[in-house]
Amino acid sequence: MTFSDLKLSKPLLHALTQKGYSTPTPIQQQAIPKILEGKDLFGCAQTGTGKTAAFALPILQLLAQSPTNNRRNIRALILAPTRELALQIHENIVEYARHLPVRYGVVYGGVSQNAQVQQLKKGIDLLVATPGRLLDLQQQGFLSLQQVEFFVLDEADKMLDMGFIRDIRKVIASLPAQRQSLFFSATTTNEIKNLAATILYKPESIAVTPVSSTTELIKQFLYYVPRENKRGLLEYVLKNGNVTQALVFTRTKRGADKVARTLSAQGWRAESIHGNKSQGARVRALDGFKKKNIDVLVATDIAARGIDVENLSHVINYELPEVAETYVHRIGRTGRAGANGIALSFCTEDETDYLKGIHQLTKIPMEVIARHPFSF
Ligand code: AMP
């Protein structure tokens, strides 16, 4: 599936290409069509799943589609619990909206309000805010929420943990009853469900795979390695690591082909699968892998979707995924049905940010293999 399959407009598709996204994440695939249809949404998802784009892209599209707002009232409000998260959401919006005539801004506490007030005076369509500062500015008359058409409550569980419930209720009381609301939380306790019920109207629910349960059974190892040594390291671990069969992930189709070719040249029974291969070739490769006629299958993330191979001993992240959740999906291919799986990850200096995201999501440290012949 591509972003254009999700019926996103050209300016957004262009921005996504520039940002380097090629495939929508699972939550984006589920959420974007529903939001574009005008539905309210209850999304159970953590940070790292791509949830910001899942709500920001369709809202930007809907804002740009409908008549312009001459008076520049706030038409979309995104509420986030912390200043860091508000800034992060805003940064994403700056990039997604770069080819759209939508004006956006961000307000949060802990800094002087002057610049924020100036920004509001110029008029904005979409505002990202933390609750306290939003209410402060509203009470002083610097903003009105009466024209809000889209409301997002992000990380609702964290909002409750931080004691923002009264602020949230005040914000909701200021919003028009007629609006589209999106509610995101990493957990779904009764308290969360009750809060959601006061905000949402006939919501659609979506959830992306919880990450912890399977991951805990899988032994995770990390190799820091310079880019040019990755191929050498791959052969080294295949030879020395008791690998019966390995699923190797690359980020690109070309990368998958190159790795498979090198391994074949060294005598491994290796194949690649990715989006440029015919359906027939993909089925054959996968079949060979399941029947254990292939030792190493090199795959991109989309091609590997749905692959379920019994007793797969190793998943190797030859390149780390950009989206942390993808890591969890990748390594979940081993360690099925309680079997002990092993996941190896190769990390260059350029990939340390991806690694950070993965650790934030899984909360399970990988064991670093410091001594290997291909290290820095
Ligand atoms: P989030 O869960 O919204 O915090 O997103 C996690 C990270 O994934 C961010 O660094 C995003 O820029 C990135 N991201 C979101 N969607 C995609 C996508 N479809 N392809 C690649 N990266 C993405």
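Quick look at the structure, then.

Basis of the calculations
Counting starts from 1 at the beginning of each chain's written sequence and moves along it residue by residue. Restriction of local features to residues with pLDDT of at least 70 applies here, the model being predicted, together with a cutoff of 80 or more for giving and counting side-chain atom pairs; totals for whole chains, interfaces and linings are based on all residues. Note: side-chain values were computed over all heavy atoms of the structure, leaving out hydrogens and water. Helix numbering and strand numbering both begin at the N terminus, where a helix is a DSSP run of H or I of at least 4 residues and a strand a DSSP run of E of at least 2. For this measure, only C-alpha atoms enter the radius of gyration; the expected value for a globule follows 2.2 Å times N^0.38, where N is the number of residues. Three exposure classes are used, based on accessible area relative to the maximum for each residue type with a 1.4 Å probe and protein chains only: buried under 20%, partly exposed in between, and exposed over 50%. Whether two residues touch is decided by their heavy atoms; if any such pair falls within 4.5 Å, the residues are in contact. Where accessible areas are quoted, they stem from the Shrake-Rupley method and a 1.4 Å probe; at the residue level, only the protein chains shown are allowed to cover. Counted as positive: Lys and Arg. Counted as negative: Asp and Glu. His and the chain ends are not counted at all. Charged side chains are reduced to one point each, which is NZ for Lys, CZ for Arg, CG for Asp and CD for Glu. A molecule or strand has a residue near it when one of that residue's heavy atoms lies within 4 Å. Residues adjacent in sequence count toward polar contacts only when both atoms are side-chain atoms; beyond that, a polar contact is any pair of N or O atoms within 3.5 Å, and within protein one must be able to donate a hydrogen and the other to accept it. Note on residue classes: Ala, Val, Leu, Ile, Met, Phe, Trp, Tyr, Cys and Pro are nonpolar, Asp, Glu, Lys and Arg are charged, and everything else, Gly too, is polar. Note on terminology: a nonpolar core comprises buried Ala, Val, Leu, Ile, Met, Phe, Trp, Tyr and Cys residues joined through side-chain atoms within 4.5 Å. Patch construction takes residues with relative accessible area above 30% that form no salt bridge. Like charges are linked within 9 Å, and nonpolar side chains (Val, Leu, Ile, Met, Phe, Trp, Tyr) are linked within 5 Å. Any carboxyl oxygen of Asp or Glu within 4 Å of a side-chain nitrogen of Lys or Arg constitutes a salt bridge here. Strands qualify as paired when DSSP identifies two bridges or more between them. Every angle, taken between N-to-C directions, lies between 0 and 180 degrees, and every axis is a line fitted to C-alpha atoms, over only the stretch in contact when it is a helix.

**A word on the overall build of the chain**
Assigned secondary structure in the chain consists of 15 helices and 14 strands. Radius of gyration (C-alpha) of the chain: 23 Å, near the 21 Å computed for a compact globule of 376 residues. Projected onto its principal axes, the C-alpha positions of the chain cover 70 × 40 × 40 Å. Looking at the 376 residues of the chain, the share that counts as buried comes to 51%. Expressed as a percentage of contacts within the chain between residues at least 6 apart in sequence, the contacts between residues at least 24 apart total 74%. Of the accessible surface of the chain, which amounts to about 17,600 Å², a share of 49% is contributed by carbon and sulfur atoms. Looking at the chain, you have 46 positive and 34 negative side-chain charges, and the mean spots of the two groups are 4 Å apart.

**Things to note about the site of the ligand**
Y21, Q28, G48, G50 and T52 are the nearest of the 16 residues found near the ligand. Between a nitrogen atom of the ligand and a main-chain N or O atom of T23, the distance comes to 2.8 Å. Within the backbone of K51, one N or O atom sits 3.3 Å away from an oxygen atom of the ligand. Here the shell around the ligand is built from residues that sort into 4 nonpolar, 9 polar and 3 charged.

**Comments concerning the nonpolar core**
Core analysis: the biggest nonpolar cluster contains 41 residues, and F55, L57, L60 and L126 have the highest contact counts within it. Within the residue set of this core, elements represented by two or more residues are α1 (10-19), α2 (26-36), α3 (51-65), β2 (76-79), α4 (83-96), β4 (126-129), β5 (150-153) and β6 (180-185). With 9 residues, the top contributor of residues to this core is α3. Apart from residues no more than four positions distant in its own chain, L60 is found in contact with L12, I93, Y96, A97, L100, V102 and L126. In terms of nonpolar packing, the next biggest core, distinct from the first, is built from 32 residues, A129, F164, A196 and L200 among them.

**Side note on the environment of T47**
With respect to the helices, strands and loops of the structure, T47 is situated in the loop between β1 (41-44) and α3. By relative accessible area, which is 35% here, T47 ends up partly exposed. Residues T47 and L85 lie 38 residues apart in sequence; the distance between their C-alpha atoms is 9.8 Å. Setting aside anything within four residues of it in sequence, one finds T47 in contact with E155 and L361.

**Some words on a nonpolar patch on the surface**
Judged by side-chain polarity, Y224, V368 and F376 come together as a nonpolar surface patch covering roughly 300 Å² of accessible area. On the secondary structure map, F376 appears in the segment after β14 (367-368).

**Some details on the pattern of salt bridges**
Enumeration according to the criterion identifies 13 salt bridges in this entry. We note a salt bridge from E37 to K39, for which the minimum N-O separation is 2.8 Å. One salt-bridge network, in which partners are shared between bridges, spans E37, K39 and E204.

**Some points on the sheet that holds β5**
Read across the open sheet, the 7 strands follow the order β3-β4-β2-β5-β6-β1-β7; overall the sheet is parallel. Among the strands making up the open sheet, the edge pair consists of β3 (104-107) and β7 (204-207). In this sheet, adjacent strand axes meet at a mean angle of 15° when their direction is disregarded. Note: β1 against β6, 4 bridges, orientation parallel. The partner of G43 across the bridge, within β6, is F184. Together, β1, β6 and β7 form the strand contacts of α2, whose direction differs from that of β7 by roughly 165°. Contacts from α4 reach β2, β3 and β4 within the one sheet, and its direction differs from that of β3 by about 170°.

**Let's talk about unusual backbone geometry**
Trans is the prevailing form of peptide bonds, just as negative phi is the prevailing case for residues other than glycine. Here E155, not a glycine, exhibits a phi torsion of approximately 50°, which is positive. Mapped onto the secondary structure, E155 falls in the loop between β5 and α7 (156-161). Within the chain, N242 stands out as a residue other than glycine whose phi angle is a positive 55°. By the secondary structure assignment, N242 is in the loop between α11 (230-240) and β9 (246-249).

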